[in-house]
Amino acid sequence: MGFGKATSSSKAMKIIDTEKKISVLIVEDDPLIQKIHKVMMAKFGTEVQVVANGKEVVDLYRSGASFDLILMDFEMPIMDGFEATKELRSMGVTSMIVGVTSRSQDSEIQAFMKSGLNACYVKPLNAEKVTAVLNELKNN
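Every value quoted in this text rests on a predicted model; they were computed, and no experiment measured them. (Residues numbered from 1 in each chain as written. Predicted model: local features only at pLDDT ≥ 70, side-chain atom pairs only at ≥ 80, totals over all residues. Heavy atoms only, no water.)

**Side note on the UniProt feature "modified residue: 4-aspartylphosphate" (unreviewed entry) in the protein**
In step 1: The feature "modified residue: 4-aspartylphosphate" (unreviewed entry), as given by UniProt, occupies Asp73 in the numbering adopted here.
In step 2: By the secondary structure assignment, Asp73 is in strand E3 (residues 69–73).
In step 3: Sequence-distant contacts of Asp73, defined by excluding residues within four places in its chain, comprise Val27, Glu28, Asp29, Gly81, Val100, Thr101, Phe112 and Lys123. (UniProt positions renumbered as here; feature names shortened; annotations may be inferred. Helix = DSSP H or I, 4+ residues; strand = E, 2+ residues; numbered from the N terminus. Contact = heavy atoms within 4.5 Å.)

Pasting the structure below:
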């Protein structure tokens, strides 16, 4: 009997998990990094969408779209991650925004953080970084 109850609980947990699938927007202009991050996020069971620059994410939010998590590249054409993050925050966007950059100098990362990021990591993301971000998102 105890085994049957555990199975029922497991099924219930799976149902809860699928109902609360985390939506992720990857904002990245490099096609290789887009693919790496998309595959990585998909392995964690998230719903993933990709755009190539900051203007696209701002336009998505202006049209009513919303995501639980935004992975924001710093350097992109048209509108960079710094400007896009500032714009999103000025629009009242409360989604978790995580900077993803190839820059590793503390001063550059701190400047990017000041735009309104919740966190910032040097790319590419790995399983450890993604786990930390998703755990923080689930705990907030």
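**Comments concerning the sheet that holds E3**
In step 1: In space, the five strands of this open sheet follow the order E2-E1-E3-E4-E5, with parallel pairing throughout. Bordering the open sheet on either side are strand E2 (47–51) and strand E5 (119–122), each of which pairs with just one other strand. The average angle at which neighbouring strand axes cross in this sheet is 20°, direction not considered.
In step 2: Note that strand E4 (residues 96–101) and E5 share four bridges and pair parallel. The residue of E5 that forms the bridge with Thr101 is Val122.
In step 3: This element, helix H5 (residues 106–113), spans E3, E4 and E5 of the sheet and lies at about 145° to E5. (Pairing = 2+ DSSP bridges. Axes fitted to C-alpha atoms, helices over the stretch in contact; angles between N-to-C directions.)

**What to know about the pattern of salt bridges**
In step 1: Scanning all chains against the criterion turns up seven salt bridges.
In step 2: Residue Glu87 pairs with Arg62 through a salt bridge whose shortest N-O separation is 2.5 Å. Placement of the pair is Glu87 in helix H4 (residues 81–90) and Arg62 in helix H3 (residues 54–62), with a sequence separation of 25 residues.
In step 3: Residue class for Glu87 comes out partly exposed when judged on its relative accessible area of 26%.
In step 4: In this structure, Glu108 and Arg103 form a salt bridge, with 3.3 Å as the shortest nitrogen-oxygen distance. (Salt bridge = Lys/Arg side-chain N within 4 Å of Asp/Glu carboxyl O. Buried < 20%, exposed > 50% of the residue type's maximum accessible area, 1.4 Å probe, protein only.)

**A few points about the nonpolar core**
In step 1: If you look at the biggest cluster of nonpolar residues, it comprises 20 residues, and the most contacted ones within it are Leu25, Val27, Val57, Tyr61, Ile70, Met72 and Leu88.
In step 2: Of all the elements in the fold, those that place two or more residues in this core are strand E1 (23–27), H3, E3, H4 and H5.
In step 3: Top contributing element to this core by residue count: H3, with four residues.
In step 4: Look past the residues within four positions of Leu25 in its chain and what remains in contact with it is Gln49, Val50, Val51, Val57, Leu60, Phe67, Leu69, Ile70 and Leu71.
In step 5: Core analysis: the second largest hydrophobic core is formed by 16 residues, Val24, Met41, Ala119 and Val133 among them. (Core = buried A, V, L, I, M, F, W, Y, C linked by side-chain atoms within 4.5 Å.)

**Focus: the packing of aromatic side chains**
In step 1: Under the counting rule described, the total for this entry stands at two aromatic pairs.
In step 2: Residues Tyr61 and Phe67 carry aromatic rings whose centres are separated by 6.1 Å and whose planes lie at 55° to one another, so their mutual orientation is tilted.
In step 3: Residue classification places Phe67 among the buried positions, given a relative accessible area of 8%. (Phe/Tyr/Trp six-rings, centres within 6.5 Å; stacked < 30°, edge-to-face > 60°.)

**A word on the side chain of Ser115**
In step 1: The topology assignment puts Ser115 in the loop between H5 and E5.
In step 2: Take Ser115: its relative accessible area is 4%, and that puts it in the buried class.
In step 3: Reaching out from Ser115, the side chain makes a polar contact with the backbone oxygen of Phe112 at a distance of 2.6 Å. (Polar contact = N/O pair within 3.5 Å; in protein donor to acceptor, adjacent residues only side chain to side chain.)

**Let's talk about the confidence of the model for the protein**
Detailed reading of predicted coordinates is not advised where the pLDDT is low.
In step 1: The pLDDT averaged across the protein works out to 86; a share of 86% of its residues lies at or above 70.
In step 2: In the model, residues 1–18 has pLDDT below 50 throughout and makes zero contacts with residues more than four positions away in sequence or in other chains. (pLDDT = per-residue confidence, 0-100.)

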